[in-house]
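Survey of secondary and tertiary structure
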Amino acid sequence: MRKFIISLLFIGLFYSFASANGISVSQSLDKTKIAFEDSVIFEITLQWEGGQSAYLFTKPLNPNFNRLKIRGFSSSISMSQPNNKEITTKKYDYVLKPISSGVGSIDPVTISYISWPDSLPGELVTEAMTVTIAKPVKKEEKAKVPRVWIFVFWAVIVLGGVFFIIKRKIVSRRPKEPVKTPKDKFLESLTMIKKDAGTDLKKFQAGFYKIVKEFLRENYGISLEADDSDNLKEQLKKTNLSPDKAEKIYQWIVKANKDKYSPNTGIPGETIRLESEIRDFFEKL
């Protein structure tokens, strides 16, 4: 009897030693309590002494979850050499999502393997684990808009549309101001210059030089520069003006450029005569 007990003790010591120097398994959860809208990571870790090929895993893991479902899965394997010993670590990571509140559980997972090179089969079993799942957060119900406000909303839109249409019709019925041509603008400005200058020829010529310069720019695209009479004459020849009319405008401009710097104010009646001559010419232009 004593020999039998000693034999059992010897066998037990041998098994513990083999297990300690063989492959081991552990499992973990990154959280023990989670919100219903959250997730938890369940990790299985296998570790053994030796290279990656020391153990072969021929069957896929088939874990069973209660109140939880798999949202993501990944696996990895790594090597380390603590104390000059080659250690291999293999990990299985499951991202679990709650499907109902309460106590979620993970049943023990059986891991089948074959050791190499002796091809001996074996199994490891994880421990059962639990996680507490909170109740779902109630979504705030959207406040119902009273029907009266819906009516007000549509009434504002309809009235706004009616007001916009009426306003457009009123605006469209208003008489539109005629578009003024460069000649119209010139003649209006000429009247104002005559009224402002009176009999002062110098003042009249300064104003005339300014408005005729603007007229030529808008009507013919001519840029009138001071003391550039030759260039002005050439530009006037390129317009649709007859040679006589082009020359007439040219002479007026040259004279106005001189008179506006002259100290003399002109003889009586000269300003009225000149304004009448210029107006008659541009009205017929």
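As a reminder, the structure under discussion sits directly above these lines.
Please read all numbers here as calculations on a predicted model, not as lab measurements.

1. Details of the pattern of salt bridges
One pass over the structure, following the stated rule, counts 14 salt bridges. Here Lys237 makes a salt bridge to Glu234, at a shortest N to O gap of 3.9 Å. With Lys237 and Glu234 both in helix H5 (residues 229-237) and three residues apart, this pair spans about one turn of that helix. In this structure, the salt-bridge partner of Asp259 is Lys255, at a minimum N-O distance of 2.6 Å. With Asp259 and Lys255 both in helix H6 (residues 243-259), this residue pair falls four residues apart, about one helical turn. Of the residues examined, Lys255 reaches a relative accessible area of 34% and is grouped as partly exposed. By sharing partners, the salt bridges in this structure join Lys185, Glu214, Arg217 and Glu218 into a single network.

2. Points about the packing of helix H4 (residues 201-220) against helix H7 (residues 270-283)
Two numbers describe how H4 lies on H7: the axes approach to 10 Å, and their chain directions differ by 15°. Relative to H7, the element H4 is oriented roughly parallel. Judged by the twist between their axes, the crossing of H4 over H7 is left-handed. Each of Leu201, Phe204, Gln205, Phe208, Val212 and Phe215 in H4 lies in contact with H7, whose residues at this interface are Glu270, Thr271, Leu274, Glu275, Ile278 and Phe282.

3. Structural notes on the environment of Lys185
Mapped onto the fold, Lys185 is located in helix H3 (residues 182-197). With 26 residues separating them in the primary sequence, Lys185 and Ile211 have C-alpha atoms 8.8 Å apart. Once residues lying within four places of it in the same chain are set aside, the contact partners of Lys185 are Lys180 and Glu218.

So, how was this worked out
Residues numbered from 1 in each chain as written. Predicted model: local features only at pLDDT ≥ 70, side-chain atom pairs only at ≥ 80, totals over all residues. Heavy atoms only, no water. Salt bridge = Lys/Arg side-chain N within 4 Å of Asp/Glu carboxyl O. Helix = DSSP H or I, 4+ residues; strand = E, 2+ residues; numbered from the N terminus. Buried < 20%, exposed > 50% of the residue type's maximum accessible area, 1.4 Å probe, protein only. Axes fitted to C-alpha atoms, helices over the stretch in contact; angles between N-to-C directions. Parallel < 35°, antiparallel > 145°, perpendicular 65-115°, else oblique. Left-handed = near helix turned anticlockwise from the far one by under 90°. Contact = heavy atoms within 4.5 Å.

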